[in-house]
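Structural description and commentary
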Amino acid sequence: MTSDRSVLEQIRGGVVVSSQVMDPRSPLDDPRILAMLAQTGVLGGAVGARVAGPETVAELRAREPGLPIIAITKHYEFGTDNYITPLRADAEALVDAGGSVVAVQNTAGTRPAESFAEIADAVHSRGALVMADIATLDEARAAVRDGADMVGTTMFGYTGDTKGGARPPLALIGELVGALKAPVIAEGGLWTPEDVAACFAVGAHAVVVGSAVTAPERIVARMVAAAPRRGGETS
Ligand SMILES: CC(=O)N[C@H](C=O)[C@@H](O)[C@H](O)[C@H](O)COP(=O)(O)O
């Protein structure tokens, strides 16, 4: 089966909104709510959504039949370095639920089971595309060799060598654009319209914005940081 590459055209030059629970204590952890939050992104002009878990993918697909959906399943419980969609079975379930693209982490270090290439094959055989969540140029090159249709800077700032690096990683995005034929998605740490513009200026194909638009607790915390008093304090 040939994967539907039209999704790449649908997202070109646009903002994809990531709608995920960022704080495990969040009361918004419900597929219906997260799908609705993604829909508010669409109302705002987003060209696609990134969501986690087959339930939320299915809920959003039912509500937005033509929307490009980047789907993931996170597994922190294995304690492996690669935790974003590291299992083939999850990737297959995400496509079956309506995901247009499955994002699979491909950074250095441990994986719980299948290789990136095996997972990419499984996604392609079901007709969807693969995004590699990477942190370095080498990881991106390896992912493209192993079947990635696009690469995202999702993991920059979270892995060994990249921890503490300024985000969005404009220099890395520029390097990726220069070195790869695959489209480069700027994801991770975009908080302002200026960030969005800067990513496109260095050649990003699309950008993914999450916390800044769908994580109210993080948005509130930014405001609270500028106030003399915060909730929960006793005096
Ligand atoms: C590293 C990792 O697990 N990133 C996740 C990937 O899906 C999400 O937690 C992020 O929210 C997403 O990448 C968007 O980034 P930001 O929320 O910074 O706009």
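See the structure above.
Everything in this summary refers to the structure shown in the same document. In this text, all values refer to a predicted model and were calculated from it rather than measured experimentally. (Residues numbered from 1 in each chain as written. Predicted model: local features only at pLDDT ≥ 70, side-chain atom pairs only at ≥ 80, totals over all residues. Heavy atoms only, no water.)

Things to note about helix α6 (residues 137–145)
For α6, the set of buried residues is Leu137, Glu139, Ala140, Ala142 and Ala143. As for α6, its buried residues are in contact with α5 (116–125), β5 (129–133), β6 (150–152) and α7 (170–179). Once α6 ends, the next one or two residues include Gly147, with phi positive near 120°. (Buried < 20%, exposed > 50% of the residue type's maximum accessible area, 1.4 Å probe, protein only. Helix = DSSP H or I, 4+ residues; strand = E, 2+ residues; numbered from the N terminus. Contact = heavy atoms within 4.5 Å.)

Considerations on the packing of helix α4 (residues 88–96) against α5
At a minimum axis distance of 9 Å, the contact between α4 and α5 shows a crossing angle of 25°. One finds that α4 runs roughly parallel with respect to α5. Crossing angle aside, the handedness with which α4 passes α5 is right-handed. Across from Arg88, Ala91, Glu92 and Val95 in α4, the residues of α5 making contact are Glu118, Ile119, Ala122 and Val123. (Axes fitted to C-alpha atoms, helices over the stretch in contact; angles between N-to-C directions. Parallel < 35°, antiparallel > 145°, perpendicular 65-115°, else oblique. Left-handed = near helix turned anticlockwise from the far one by under 90°.)

Description of the side chain of Asp90
Within the secondary structure, Asp90 sits in helix α4. The side chain of Asp90 sits in the buried core without any salt bridge; Arg111 is the nearest counter-charge, 10 Å away. At 2.6 Å, the side chain of Asp90 and the side chain of His75 are in polar contact. Contact partners of Asp90, with chain neighbours within four places excluded, come to Thr73, His75 and Thr85. (Lys, Arg positive; Asp, Glu negative; His and termini not counted. Salt bridge = Lys/Arg side-chain N within 4 Å of Asp/Glu carboxyl O. Polar contact = N/O pair within 3.5 Å; in protein donor to acceptor, adjacent residues only side chain to side chain.)

Here's the deal with the site of the ligand
Neighbouring the ligand are 16 residues, the closest being Gln20, Glu187, Gly189, Gly210 and Ser211. In the environment of the ligand, an oxygen atom lies 2.9 Å from a nitrogen or oxygen atom belonging to the backbone of Gly210. The protein chains hide 97% of the 450 Å² of surface that the ligand would expose on its own. Residue classes in the shell around the ligand are distributed as seven nonpolar, six polar and three charged. (Near = heavy atom within 4 Å. Areas by Shrake-Rupley, 256 points an atom, 1.4 Å probe, with all protein chains shown as cover. Nonpolar A, V, L, I, M, F, W, Y, C, P; charged D, E, K, R; others polar.)

Side note on the pattern of salt bridges
The full count for this structure, using the stated rule, is ten salt bridges. Arg88 is paired through a salt bridge with Glu114; the nearest N and O atoms lie 3.8 Å apart. Highlighted residues: Arg88 in helix α4 and Glu114 in the loop between β4 (101–105) and α5, separated in sequence by 26 residues. Given a relative accessible area of 33%, Arg88 falls into the partly exposed group. Judged by its relative accessible area of 17%, Glu114 falls in the buried class.

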